[in-house]
Amino acid sequence: MSEQNEAVTAGDQTQPPSGVGQKSVGQNRPSVFRRILSGSVGRNLGLVIALVLLGIVGTITAGDRFASVDNLLTIIRFASIIGVISIGLTFVITAGGIDLSVGSVMGLSTVVASLAAVQAAATQSSWILMVLIPLGVGLAAGLVNGIVIAYGNVVAFMATLAMLVAARGLAELISGRRTQIVIETGFLQFTRSDVIGVPLLIWIFLIVAVLAWFLLNRTTFGRRTVAIGGNREATRLAGIRVKRHLVYVYLLSGLTAGIAGIMMLGRTTAGTSTHGGLYELDAIAAVVVGGTLLIGGRGTIVGTVLGVLIFSTLTNVFTQNNLDTSVQQITKGLIIVIAVLLQQRFASRGPSGT
Amino acid sequence: MCYVASMIDDDHSAPLLRVRGITKSFAGVQALQGVDLDVRAAEVHCVLGQNGAGKSTLIKVLSGVHHPDGGVIRWQGDEVTIAHPVAALGMGIATMYQELDVVDGLTIAENIFLGHERAAGGVLKVAEANRAARELLVRLGHGNLSPSTEVGRLSAANKQIVSMARALSHDTKLIIMDEPSAVLDSEEVRNLFRVIRELTAQGVAVVYISHRLEEIRQIGDRITVIKDGRSMAVGLSAQDTPTAELITLMTGRAVANVFPDRVPVPADAPVLIDITGLGLRGQFADVSLSVRAGEIVGLAGLVGSGRSEILETIYGARKATAGQVTVTGSRLTAGSVRAAVHAGIGLAPEERKSQGLILDEQVYRNVTLATFARFARGGFLDERRERQVSLEQMNALELRPADPDRATRTLSGGNQQKVLLARWLVHGTKVLLLDEPTRGVDVGARAEIYALIRRLAAAGTAIILVSSEIEEVIGLADRVLVIGDGEVLSTTDADAIDERGVLDLVMKGAAT
Ligand SMILES: Nc1ncnc2c1ncn2[C@@H]1O[C@H](COP(=O)(O)OP(=O)(O)OP(=O)(O)O)[C@@H](O)[C@H]1O
Ligand SMILES: [Mg+2]
C-alpha cells in the first residue's frame, strides 16, 4: 500500500473511460495472432491438424492410391451425404436439441421417392418430382418432430427416437422391405452428373455447407438458434418466439435429411428402408467432434464439415490398406474421445460466475 | 494509506486467517494485484469494493476454486495452499458463492449434504439427512421449508437459504458469504443477521460481502476495502469509519447522495400503460395500475408477495387468467412476450443468470438480444452496428471493462446487471419493468443506475420498479404500491410515506 499505488489508481479514476480503453486495447494488440487463433481457423486448428495427419498416414501407407485427385473426390463424395445430414443436425444441437431421426427419415424419403407409382408419375411429368418428394418427406418429419418437441414439450431425445422407429417402420411397410431400383433416367442423369469435373453430390455438399455457414453465423435465424441453446428462458424473455423457432430448426434438419435422401437415391440408384441406418450416430459424432457443444449454445459448420471429412478420410485410409472394419470402429471411437477431450481444453470456459 | 500499516501492527492476537499480497490474473485481466486480509475468530469481517474490484475472486482463492499467482495465506498461524474446494472445507472454510450454486434437480436435503452425504457403506440415509436438514433450516428460521422439496421449485431467496444451510452443515471456523443479502428481503436479512450473530457467538468468523453499507453498519466488526484488485484499507472499524470515507476508498472519488431529485410528472402526460384487474390464479389478483410517461411506480413487499409475478404477467411471460394490459391504447395479447416487446415493454428480470443472460455469449450479443433483428437487413445480421450500439450503452452505464466482445460470464456481478439494463436502452422502450435492478450493484454504480432510471423517466419512459430495498423504492419512485400476498395493500405517493410506513404495511399484509 504505497503512495505509488494510490497515485496510479487516482489517475485511473479521473479518466475512467480512457483507462478502460487502454486496458482493452492493451489486451487486444498482441492478439492479431490470437484473434486468428481464436477465430474459426484457430478453433478448428486441432481438426485441421488431425485431418492433415490422417492425410500423411494415408499417403505413407497407401501412396498414390490415396493421394490422387480421384481418391480425394471419393473421400469427399463419401462424406457428402452424411455431411449434409450433419449440417442440419448442427443447428438442432446448437439450439440445445437433438435429432435421432435423421438417418431413418432419409431412408423413408428414398423409399417414397422410388415407389413405382412415383417414378411413373415422374417419367410422365418431370424428374423434378423425385427431387421434391424426398424434400417433402423430410420437411413433414421435421414438422412433426418440431411440433411435438416445442409445443408438446416432449424431450427431444424421446420424440426423435420415436420418429426414428416410426419412419423406419413406415419405410418397411410401404416398400414391403424390398429394394426399389431407380429407373427414372432424367433423375439419374441429374444426380450422377458432373460439373467441371466434380460430381454433383460434392457440389450439393459444398453449397449446403456454405449456405448453412451463412445461416448460422450471419443471419437472425442463426443468432436465435445459438441464443436458444445458450439460455432458452432468457431468449424467450427477450421477446423471441422460441417454440416457433425450434419448429423451424427441426424443419431444417428434416430438410437436410431429405436432401441427403436425393443424394442417396442418386448414388445407389435404389430406395430402401435400410438406407441411413445408424447415420444419426455418425452425424452426432461428426457434429460434436467438430466442436459444437452437445448442450447447445455454440455451433460450428466448419467444424462439422471437418469432423465429417476426418471420419471419411479415416474410413478411406483403412479401406485402401484393406484393414479390418472392426479396427476402424475402435479407431473411430478413440478419435471421438480424443477430439472431445481436446475440444474441452481449447474451449475451456472459465469457472462459472463472478 | 497510513492506517493500513498501523492496523496490521496493532493486531496482536494472531488472526484466524492472514492473507498477504495475493495476486491473480485471468487471461489478460489482473483481477487481484496484491490483497491483504486479516480475519479474527468470532468477528464479522466485511469486504467492500466496487463491481469488479476482485471480491469474489478473493473469496474464490480462499475457498480453493482459484489458485493465486502469488501471495501468502496463513490459516491459524500456518502457511497453507488451498488446493481445491474440498480442501478448504476440510480446513474449516465454507463458502456461499455469489451466484446461487444449488442443484435444481435435487431436494433441499440432498443439496445441503451434497459432497458429504449422510450414508452408510454407500447407501444414503435419507431420513437422517432430512432430519439434519430440517434442524439446519429451523436454525435459519425456515422451518417451513420441507427438506424433501426439489430445489428447482424454490424462489431465489429460498435457494439462498439452502446455500446457507449447506455452509452451516460443515463444521466450520470461517464462513464466507458473497453478497448473501442480494436476493433477500428486509425480513430475511434480519433473519440472516440473527444467524450470523449466533455463529460469531460460537466463535465462528464470518467474511461478509455486500454492497449495502447500512448492512455493514449493522452486522460488521471490521472492514477491508478492495479497489481494482488491491486492498486499500485493512481492518477499519465497521462502526466508526464515516460512510464518505468508505465510498472514497472504494471508488477513488466522492459520491454525492444516491437518489436523484424527482421530476414532477406533467399533468397532461399520456398514460402509457394501463393495467386493469390483472390476475394470475394462485399468485395474485385484481391488480390495477396505470403509469404515465415520465412516472416511476415502485412495488414494495416481501419476497414471495407476488411482485415479480406481477411484472412477468404484465410482460406476458406468464399468461394472465384475468384482466388486461393496454399499452398506448392497444390491448396486449395475454401470455405473449413478443406482443409486449412489440408494444414497447422491456423487462429486466430478477434472476439475471437464469432468466436474463446467455453467460457464454459475448456481451454485445446479450445487449442486443432483444433488438438484433431490428438491426438486421433482410435477415442478415449487422454485427458491426450491434457492437457499436452496445459499446455506446456500455459507456453510458460505465460498464467495465468496456469490451463488447468479452464473454459475459467473465464480468463481475454488478456489470452483468448493467448488461441487462443496457438491453432495453438500445431501442427506445416505452415501458420499462425493472425487477431488482440494483441487486449486486455497487454504491457508485447504484447512483449511476438511479440517475439513469430517472433520466429515462424524464425522457418519457413509464417505469415500474420492484425492489426488496424499501429505501430504493421510496427514494426512486413517484408512487409506491405495497403488495402483500398477491394483493395491492395500498397505493401512496412516495412523498407521503417513509420506510417505517411501508414496512408497517408490509408486515400487516404478512400478518393477515
Ligand atoms: N473467470 C474469469 N475470467 C476472466 N476474468 C475474470 C474471471 N473472473 C473474474 N474476472 C475479472 O476479474 C475482475 C474481478 O472480478 P470479481 O468477480 O472478483 O469482482 P467483484 O468484486 O466480486 O465484483 P461484484 O461486486 O460485481 O461481484 C473483474 O474484472 C472480472 O471481470
Ligand atoms: Mg462478486
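### Observations concerning the overall build of chain A
(1) Moving on: Helix and strand counts for chain A stand at 18 helices and four strands.
(2) Moving on: For chain A, with 354 residues in total, the buried portion stands at 50%.
(3) Moving on: Considering only contacts in chain A between residues 6 or more positions apart, those separated by 24 or more positions represent 78%.
(4) Moving on: Approximately 16400 Å² of chain A is accessible, and the part contributed by carbon and sulfur atoms is 67%.

### As for the interface of chain A and chain B
Interface size is often expressed as the accessible area that is lost when the parts come together.
(1) Moving on: Residue-level contacts link 37 residues of chain A with 61 residues of chain B.
(2) Moving on: Between chain A and chain B, the buried area comes to about 4100 Å², and carbon and sulfur atoms account for 55% of it.
(3) Moving on: Applying the counting rule to chain A against chain B returns three salt bridges.
(4) Moving on: Between E383 of chain B and R223 of chain A there is a salt bridge, and its shortest N-O distance comes to 2.8 Å.
(5) Moving on: Viewed at the interface, chain B and chain A are joined by nine residue pairs in polar contact (both at pLDDT 80 or more).
(6) Moving on: Element by element, the count of residues in the side of chain A that touches chain B is highest for helix α13 (residues 220-230) of chain A, at six residues.

### Observations concerning a negative patch on the surface
Residues and elements named next belong to chain B.
(1) Moving on: Among the surface-exposed residues, E214, E471, D498 and E499 lie close enough to one another that they form a single negatively charged patch.
(2) Moving on: Summarising the element assignment, D498 is placed in the loop between β22 (487-493) and α19 (499-511).
(3) Moving on: For D498, a relative accessible area of 46% gives the class partly exposed.

### Describing the site of ligand 1
(1) Moving on: Residues in contact with ligand 1 amount to 22 residues; listed here are only the nearest, N51, K55, S56, T57 and T410 of chain B.
(2) Moving on: Near ligand 1, the surrounding residues are drawn from chains A and B.
(3) Moving on: At 3.4 Å from an oxygen atom of ligand 1 is found a side-chain nitrogen or oxygen belonging to E179 of chain B.
(4) Moving on: In this structure, H211 of chain B approaches ligand 1 through a side-chain N or O atom, which is 2.8 Å from an oxygen atom.
(5) Moving on: If you list the elements that add at least two residues to the shell around ligand 1, you get β2 (29-39), α2 (55-62) and α16 (413-425) of chain B.
(6) Moving on: The greatest single-element share of the shell around ligand 1, amounting to three residues, is contributed by α2 of chain B.

### Some details on unusual backbone geometry
(1) Moving on: Put simply, R400 of chain B and P401 of chain B share a cis peptide bond, and its omega is -10°.
(2) Moving on: Along the chain, P401 of chain B turns up in the loop between α15 (383-396) and α16.
(3) Moving on: Here R177 of chain A, not a glycine, exhibits a phi torsion of approximately 60°, which is positive.
(4) Moving on: The topology assignment puts R177 of chain A in the loop between α10 (156-175) and β1 (180-181).
(5) Moving on: Positive phi is not limited to glycine here, since E398 of chain B has a value of about 50°.
(6) Moving on: Along the chain, E398 of chain B falls in the loop between α15 and α16.
(7) Moving on: Using a relative accessible area of 26% as the deciding quantity, one classes E398 of chain B as partly exposed.

### Overview of the nonpolar core
(1) Moving on: Counting 88 residues, the largest nonpolar core has I273, I314, Y315, I345, L433 and I464 of chain B as the members making the most contacts within it.
(2) Moving on: Counting the residues that make up this core, at least three belong to each of domain 3 (259-344 + 430-512) and domain 4 (359-428) of chain B.
(3) Moving on: Non-local contacts of I345 of chain B, meaning those with residues more than four positions away in its chain, are made with I273, I314, Y315, V327, L332, A340, W424, T429, V431 and L433 of chain B.
(4) Moving on: With 73 residues, the next largest nonpolar core counts L47, V242, A283 and A285 of chain A among its residues.

### Considerations on the sheet that holds β2 of chain B
All names here are of chain B.
(1) Moving on: Reading across from one edge, β2-β1-β4-β5 is the order of the four strands in this open sheet, with antiparallel pairing throughout. Only two strands of the sheet have a single partner each, and these edge strands are β2 and β5 (78-80). Each adjacent strand pair in this sheet contributes to an overall mean axis angle of 30°, direction not counted.
(2) Moving on: In the sheet, strand β4 (residues 70-75) pairs with β5 via three bridges, with the strands oriented antiparallel.

### Structural notes on the confidence of the model for chain A
Residues and elements named next belong to chain A.
(1) Moving on: Confidence in the prediction of chain A, expressed as mean pLDDT, is 86, and 84% of residues score 70 or more.
(2) Moving on: Counted against residues more than four places away or in other chains, residues 1-31, with its pLDDT under 50, gives 26 contacts.
(3) Moving on: Taken as a whole, residues 348-354 scores under 50 in pLDDT and shows 22 contacts with residues more than four places along the chain or in a different chain.

### Here we look at the packing of aromatic side chains
Each aromatic ring pair is described using two quantities: the centre-to-centre distance and the angle formed by the ring planes.
(1) Moving on: Applying the stated criterion across every chain, the model contains seven aromatic pairs over all chains.
(2) Moving on: With a centroid separation of 5.3 Å and an interplanar angle of 90°, the aromatic rings of W213 of chain A and F214 of chain A are classed as edge-to-face.
(3) Moving on: For W213 of chain A, a relative accessible area of 28% puts it in the partly exposed group.
(4) Moving on: Residue F214 of chain A is classed as partly exposed on the basis of its relative accessible area, which comes to 38%.
(5) Moving on: Taken together, a centroid distance of 6.4 Å and an interplanar angle of 70° make the contact between F214 of chain A and F380 of chain B edge-to-face. With F214 of chain A in helix α12 (residues 200-218) and F380 of chain B in the loop between α14 (372-375) and α15, this pair bridges two chains.
(6) Moving on: Within the aromatic cluster, the residues linked to one another by ring pairs are W213 and F214 of chain A together with F380 of chain B.

### Here's the deal with the confidence of the model for chain B
All names here are of chain B.
(1) Moving on: On average, residues of chain B score 88 in pLDDT, and 96% of them are at 70 or above.
(2) Moving on: Across chain B, helix α13 (residues 363-367) holds the top mean pLDDT of 96, while helix α1 (residues 2-10) sits lowest at 43.
(3) Moving on: Confidence estimates for the predicted assembly give a pTM of 0.82 and an ipTM of 0.80.

### Description of the sheet that holds strand β18 (residues 345-348) of chain B
Residue and element names in this part refer to chain B.
(1) Moving on: Read across the sheet, six strands follow the order β18-β19-β20-β15-β21-β22 without closing on themselves; strand pairing throughout is mixed. Of all the strands in the sheet, just β18 and β22 have a single pairing partner and so form its edges. Put simply, the sheet's adjacent strands are angled 15° from each other on average, direction ignored.
(2) Moving on: Its contacts with the sheet place α16 against β18 and β19 (431-435), and it is angled at close to 175° to β18.

### Re the packing of helix α9 (residues 128-150) of chain A against α10 of chain A
All names here are of chain A.
(1) Moving on: In contact at an axis separation of 9 Å, α9 and α10 are set at 150° when each is read in the N-to-C sense. What the angle tells us is that α9 and α10 run roughly antiparallel. For the element pair α9 and α10, the recorded crossing hand is right-handed. Note on element contacts: α10 touches α9 through A156, A159, T160 and M163, opposite A141, V144, N145, V148 and I149.
(2) Moving on: Looking at the contact of α9 with α10 residue by residue, the class counts come to seven nonpolar, two polar and no charged.

### A word on the side chain of T368 of chain B
(1) Moving on: Along the chain, T368 of chain B turns up in the loop between α13 and α14.
(2) Moving on: Overall, the relative accessible area of 0% leaves T368 of chain B in the buried class.
(3) Moving on: When residues no more than four places from it in sequence are discounted, the contact partners of T368 of chain B are R223 of chain A together with F375, E386 and S390 of chain B.

### Some words on the pattern of salt bridges
(1) Moving on: Using the criterion set out here, one finds 32 salt bridges over all chains in the structure.
(2) Moving on: Residue R439 of chain B pairs with E350 of chain B through a salt bridge whose shortest N-O separation is 3.5 Å. Here E350 of chain B lies in the loop between β18 and α12 (352-356) and R439 of chain B lies in the loop between β19 and α17 (443-458), a separation of 89 residues in the sequence. Here the two residues R439 of chain B and E350 of chain B agree in accessibility, since each one is buried.
(3) Moving on: For R500 of chain B, the salt bridge goes to D504 of chain B, with nearest N and O atoms at 3.3 Å. Of the two residues, R500 of chain B and D504 of chain B are both situated in helix α19; the distance of four residues between them amounts to about one turn of the helix.
(4) Moving on: Residues participating in the shared-partner salt-bridge network are R218 and R223 of chain A together with E361, R365, E383 and E386 of chain B.

### Looking at the environment of N191 of chain B
Residues and elements named next belong to chain B.
(1) Moving on: Note on placement: N191 falls in helix α7 (residues 186-201).
(2) Moving on: Given a relative accessible area of 17%, N191 falls into the buried group.
(3) Moving on: Separated by 50 residues in the primary sequence, N191 and G141 have C-alpha atoms spaced 6.7 Å apart.
(4) Moving on: Once you skip the residues sitting within four places of it in the chain, N191 turns out to touch L140, G141 and H142.
(5) Moving on: Within the structure, N191 has its side chain in polar contact with the side chain of R194 (distance 2.8 Å).

Cut-offs used in this document
- Starting from 1, residues in each chain are numbered consecutively following that chain's sequence as written.
- Each chain takes a letter, starting from A, and each ligand takes a number, starting from 1, following the order in which they are written.
- Given that the model is predicted, a residue must reach a pLDDT of at least 70 before its local features are reported, and side-chain atom pairs must reach 80 or more before they are shown or counted; all residues, however, enter totals for whole chains, interfaces and linings.
- Side-chain measures here rest on the full set of heavy atoms in the structure, leaving out hydrogens and waters.
- Runs of E in the DSSP output that reach at least two residues are strands. Runs of H or I that reach at least four are helices, and both are numbered from the N terminus.
- Exposure categories follow from relative accessible area, calculated using a 1.4 Å probe and restricted to protein chains: below 20% of the type maximum is buried, above 50% is exposed, and the middle band is partly exposed.
- A contact between two residues is defined here by any heavy atoms of the two lying within 4.5 Å.
- Surface exposure here means Shrake-Rupley accessible area, sampled with a 1.4 Å probe, where a residue is shielded only by the protein chains that are shown.
- As a working definition, buried area equals the accessible area (1.4 Å probe) given up by two parts on being put together, with both sides summed.
- The salt bridge criterion pairs a side-chain nitrogen of Lys or Arg with a carboxyl oxygen of Asp or Glu, the two atoms within 4 Å.
- In protein, a polar contact means a hydrogen-donor-capable atom and an acceptor-capable atom, both N or O and within 3.5 Å, with residues adjacent in sequence counting only if both atoms are side-chain atoms; elsewhere, any N or O pair within 3.5 Å suffices.
- Patch rule: a residue counts if its relative accessible area is over 30% and it has no salt bridge; like charges are joined within 9 Å, and nonpolar side chains (Val, Leu, Ile, Met, Phe, Trp, Tyr) within 5 Å.
- Asp and Glu are treated as the negative residues and Lys and Arg as the positive ones, with His and the ends of the chain left uncounted.
- By convention, charge coordinates are those of NZ in Lys, CZ in Arg, CG in Asp, or CD in Glu.
- If even one non-hydrogen atom of a residue comes within 4 Å of a molecule or strand, that residue is called near it.
- Throughout this description, the term nonpolar core refers to a set of buried Ala, Val, Leu, Ile, Met, Phe, Trp, Tyr and Cys residues connected via side-chain atoms within 4.5 Å.
- Bear in mind that the domain bounds are from an automatic or database domain assignment.
- A pair of strands is labelled paired if DSSP reports no fewer than 2 bridges between them.
- Here an axis means a line fitted to C-alpha atoms, over the contact stretch when the element is a helix, while the angle between two N-to-C directions is reported on a 0 to 180 degree scale.
- The pLDDT value tells you how sure the predictor is about a given residue, anywhere from 0 up to 100.
- By convention, a stacked pair of Phe, Tyr or Trp rings (six-membered ring in the case of Trp) has centres within 6.5 Å and planes under 30 degrees apart, an edge-to-face pair has planes over 60 apart, and any other such pair is tilted.
- Between 65 and 115 degrees an angle is taken as roughly perpendicular, under 35 as roughly parallel, over 145 as roughly antiparallel, and anywhere else as oblique.
- Left-handed describes a crossing whose near helix is turned anticlockwise from the far helix by less than a right angle; the clockwise case is right-handed.
- Under this grouping Gly is polar, as are all residues other than the nonpolar Ala, Val, Leu, Ile, Met, Phe, Trp, Tyr, Cys and Pro and the charged Asp, Glu, Lys and Arg.

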